[in-house]
Amino acid sequence: MSTVIKNGTIVTADLTYKSDVLIEGGKIVQIGENLKGDKELDATGCYVMPGGIDPHTHLEMPFMGTYSSDDFESGTRAGLAGGTTMVVDFALPNQGESLLDALKRWDNKSTRANCDYSFHMAVTWWGEQVWDDMDEVVNKRGINTFKHFLAYKGALMVNDDELFHSFTRCADLGATPMVHAENGDVVAELSARLLADGNNGPEAHAYSRPPQVEGEATNRAIMIADMAGAPLYVVHTSCEDSHEAIRRARMQGKRVWGEPLIQHLTLDESEYFNKDWDHAARRVMSPPFRNKQHQDSLWAGLSSGSLSVVATDHCAFTTEQKRSGVGDFTKIPNGTGGLEDRMPMLWTHGVNTGRITMNEFVAVTSTNVAKIMNCYPQKGAVLVGADADLVVWDPEKEKTIAAEGQQSSIDYNVFEGKHVKGLPRFTLTRGQVAVHDGEIRCEEGHGKFVAREPNATVNRALTQWKDLTQPRPVERSGIPATGV
Ligand code: URP
Ligand code: ZN
Ligand code: ZN
Ligand code: ZN
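Residues numbered from 1 in each chain as written. Chains lettered and ligands numbered in written order. Predicted model: local features only at pLDDT ≥ 70, side-chain atom pairs only at ≥ 80, totals over all residues. Heavy atoms only, no water.

The next subject is the UniProt feature "domain: Amidohydrolase-related" (unreviewed entry) in the protein chain. Within this numbering scheme, the UniProt entry marks residues 47-418 as carrying the feature "domain: Amidohydrolase-related" (unreviewed entry). Overall, residues 47-418 shows 40% helix and 15% strand. The separation of its end C-alpha atoms is 23 Å. (UniProt positions renumbered as here; feature names shortened; annotations may be inferred. Helix = DSSP H or I, 4+ residues; strand = E, 2+ residues; numbered from the N terminus.)

Bringing the pattern of salt bridges into the picture now. Any two side chains of opposite charge can pair if their charged atoms end up close together. Taken as a whole and judged by the stated rule, the model has 31 salt bridges. In this structure, Lys153 and Asp185 form a salt bridge, with 2.9 Å as the shortest nitrogen-oxygen distance. With Lys153 in the loop between strand 13 (145-149) and helix 4 (160-173) and Asp185 in helix 5 (residues 184-196), the pair connects residues that are 32 residues apart, well separated along the chain. The closest approach of N and O atoms between Arg220 and Glu216, which form a salt bridge, is 2.8 Å. Taken together, the residues span about one helical turn, with Arg220 and Glu216 both in helix 7 (residues 211-228) at a distance of four residues. (Salt bridge = Lys/Arg side-chain N within 4 Å of Asp/Glu carboxyl O.)

Time to look at the environment of Gly37. Structurally, Gly37 can be placed in the loop between strand 5 (27-32) and strand 6 (39-42). Residue classification places Gly37 among the partly exposed residues on the basis of a relative accessible area of 25%. Residues Gly37 and Glu416 lie 379 residues apart in sequence; the distance between their C-alpha atoms is 40 Å. Here Gly37 is in contact with Ser2, Val4 and Leu22, once residues within four sequence places are set aside. (Buried < 20%, exposed > 50% of the residue type's maximum accessible area, 1.4 Å probe, protein only. Contact = heavy atoms within 4.5 Å.)

Our focus in this paragraph is the coordination of the zinc ion (ligand 2). Within the first shell, the zinc ion (ligand 2) binds the protein through His180 (ND1) and His236 (NE2), at distances of 2.0 to 2.1 Å. Geometry at the zinc ion (ligand 2) is irregular, judged from its four donor atoms and the angles of 57 to 148° they form at the metal. If you look at the zinc ion (ligand 2) and the zinc ion (ligand 3), they sit 3.6 Å from each other. Within this pair, whereas His180 is found in strand 14 (residues 176-180), its partner His236 is found in the loop between strand 15 (232-234) and helix 8 (240-251), the two being separated by 56 residues in sequence. For His180, a relative accessible area of 1% gives the class buried. (Donors = N, O, S within 2.8 Å, 3.2 Å for Na, K, Ca; no water. Tetrahedral: all angles 85-135°; square planar, octahedral: opposite > 155°, others 65-115°.)

Once that is clear, we can look at the layout of surface pockets. Empty space among the atoms becomes apparent when a probe as large as a water molecule is rolled across them. In this model, the largest pocket occupies a volume close to 540 Å³. Lining of the largest pocket is provided by 23 residues; of these, Phe63, Met64, Tyr152, Lys153 and Ala155 occupy positions nearest its centre. Secondary structure elements with two or more residues in the lining of the largest pocket: strand 9 (62-63) and helix 5. It is helix 5 that provides the largest number of residues to the lining of the largest pocket, a total of four residues. Looking at side-chain class alone, the lining of the largest pocket contains eleven nonpolar, ten polar and two charged residues. Around the second largest pocket, the lining comprises 14 residues; the ones closest to its centre are Trp257, Lys371, Ile372, Thr457 and Val458. Looking at the lining of the second largest pocket, the elements that each hand over two or more residues are helix 14 (358-373) and helix 15 (457-469). Here the lining of the second largest pocket takes four residues from helix 14, the largest share from any one element. (1 Å grid on protein atoms, 1.4 Å probe; cavity = no way out; pocket = protein on both sides within 12 Å on 5 of 7 lines; lining within 4 Å. Points joined across faces, edges and corners; volume = space filled by probe spheres on them. Nonpolar A, V, L, I, M, F, W, Y, C, P; charged D, E, K, R; others polar.)

What follows deals with the sheet that holds strand 5. One open sheet holds the four strands; their spatial order is 5-4-1-6, and the pairing between them is mixed. Both outer strands of the open sheet, strand 5 and strand 6, are each paired with one neighbouring strand and no more. When strand polarity is set aside, the average angle formed by the axes of neighbouring strands in this sheet is 20°. Where strand 4 (residues 20-24) and strand 5 come together, five bridges link them in antiparallel fashion. Along strand 5, the bridge assignment pairs Leu22 with Gln30. (Pairing = 2+ DSSP bridges. Axes fitted to C-alpha atoms, helices over the stretch in contact; angles between N-to-C directions.)

Right, let's talk about the sheet that holds strand 15 for a bit. The strand order 8-11-12-13-14-15-16 describes an open sheet built from seven strands, whose pairing is parallel. Strands with a single pairing partner mark the edges of an open sheet, and in this sheet they are strand 8 (52-57) and strand 16 (256-258). Taking each pair of neighbouring strands and ignoring which way they run, the sheet shows an average axis angle of 25°. Bridge count for strand 13 against strand 14 is five bridges, and the pairing is parallel. Counterpart to His148 in the pairing with strand 14 is Val179. Contacts between helix 1 (residues 72-81) and the sheet are confined to strand 11 (84-91) and strand 12 (116-122), with strand 11 contributing the most and set at about 145° to the helix.

What follows deals with the site of ligand 1. Contacts to ligand 1 come from His56, His58, Tyr152, His180, His236, Met285, Ser286, Asp313, Cys315, Asn334 and Gly335. Residue Tyr152 places a side-chain N or O atom 2.6 Å away from an oxygen atom belonging to ligand 1. Contacts to ligand 1 include His180, whose side-chain N or O atom sits 3.0 Å from an oxygen atom. Contact with the protein chains removes 100% of the 260 Å² of surface that ligand 1 exposes when unbound. Because more than half of its atoms lie within 2 Å of the grid, ligand 1 is assigned to the largest cavity. (Near = heavy atom within 4 Å. Polar contact = N/O pair within 3.5 Å; in protein donor to acceptor, adjacent residues only side chain to side chain. Areas by Shrake-Rupley, 256 points an atom, 1.4 Å probe, with all protein chains shown as cover. Sits in = over half its atoms within 2 Å of the grid points.)

Looking now at the confidence of the model for the protein chain. With 100% of its residues at a pLDDT of 70 or more, the protein chain has an overall mean of 97. On the interface metric, ipTM, the complex scores 0.95, and its pTM is 0.98. (pLDDT = per-residue confidence, 0-100.)

Across the five residues of strand 4, four count as buried, placing the element largely inside the fold. Counted along the chain from strand 4 to the antiparallel partner strand 5, the turn is two residues long, and its residue Gly25 has a positive phi close to 60°.

Here it is as structure tokens:
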């Protein structure tokens, strides 16, 4: 059974051209004119693009005394509804737990996925077992990215010697470390002071995590990665302070990538000053939303190339869950949703405003992600042989975002009331139509794990450079005898 997408314009990270796409066995088998297939999807007036890849989600994640509410079923359904065809979720080991045991739990959760997925492995503690497990995670389990939290003191946070050990191990294994860059010690101090002064509402969450804590931690992680000879991926870059560190590092030739979120690009800190406690608490996430200057910096990063991808950090909590922080903002579960809205919001506020081109849109929502995560061109490409993870994008289709009717299981949407223009007409996951003219036709369990090889080109180049420049004893003739 073959499917042909007809009459559309293919938009990739580097090309825009009219062509049909023929799909068979879940893969793209031909790109050309006047193609025929058993089934036809009409893409007249639409752009045919690689499906979105969200490099940062937390589905059914145990966090802050509860679990994030969207699981792999509802989360990937939300993604597909908005044109996203792959997610990369974080497997989190408990303190002292083996990485492989944590992975088993994520394997179980992900059996319900509607679209393909992969995992990043988090390093939440350090020891010989972690060092050992990392080899198996990379070489047997197909995971080449390791996440480190510099925030969440007393829970997920690791300190600098653990960071250096883990980054060095990543470098040796040809893997890429990632960081949540906020200075957890300073956040803990500021939080305690705010609470002591009677600042216990959601707005205090923003005060407790100023841009400086992010700038400091980003700089620190960049320097530590450089000393370890590893590349570095900085998640949820929210402000100029962090972006500036990434920009500078890239200009110095360091292999560093920054990942702004759609939330930080389009929502600002005024949300926390809303008189309605629920409204503000629903938007509590780390790092917090910033002011317009920081937003402008992030947009500039996308158009100039100093920031590489746009993610969601989808970590959805219900209003009820958020209310566990009434009277103490440090107990509000941190996280917001975005899987269904990332692509339409970025298209509307990026492409429709002229801040980014259509090709840059494809790059930051899909192709760059696949390249950095080393699953290109299986994913992130419209090429013969690639998986048929595609979105047929209708630039004229409009809607107003509302919690009512959304795929996410929570009871609100942080983008409520935002008007978007540019939505999927069809979303295909390995050739199977999951969104058909707005109608959701997902298949629970259709999603497969995407294994990602280590030693991507950037890792190889860094290893080569490290070998060339590593400390070596100087060969000397005529060394003076000791004790003379
Ligand atoms: O507030 C956030 N971002 N919650 C999810 C966990 C994380 O830090 O990414
Ligand atoms: Zn984070
Ligand atoms: Zn996250
Ligand atoms: Zn299937």
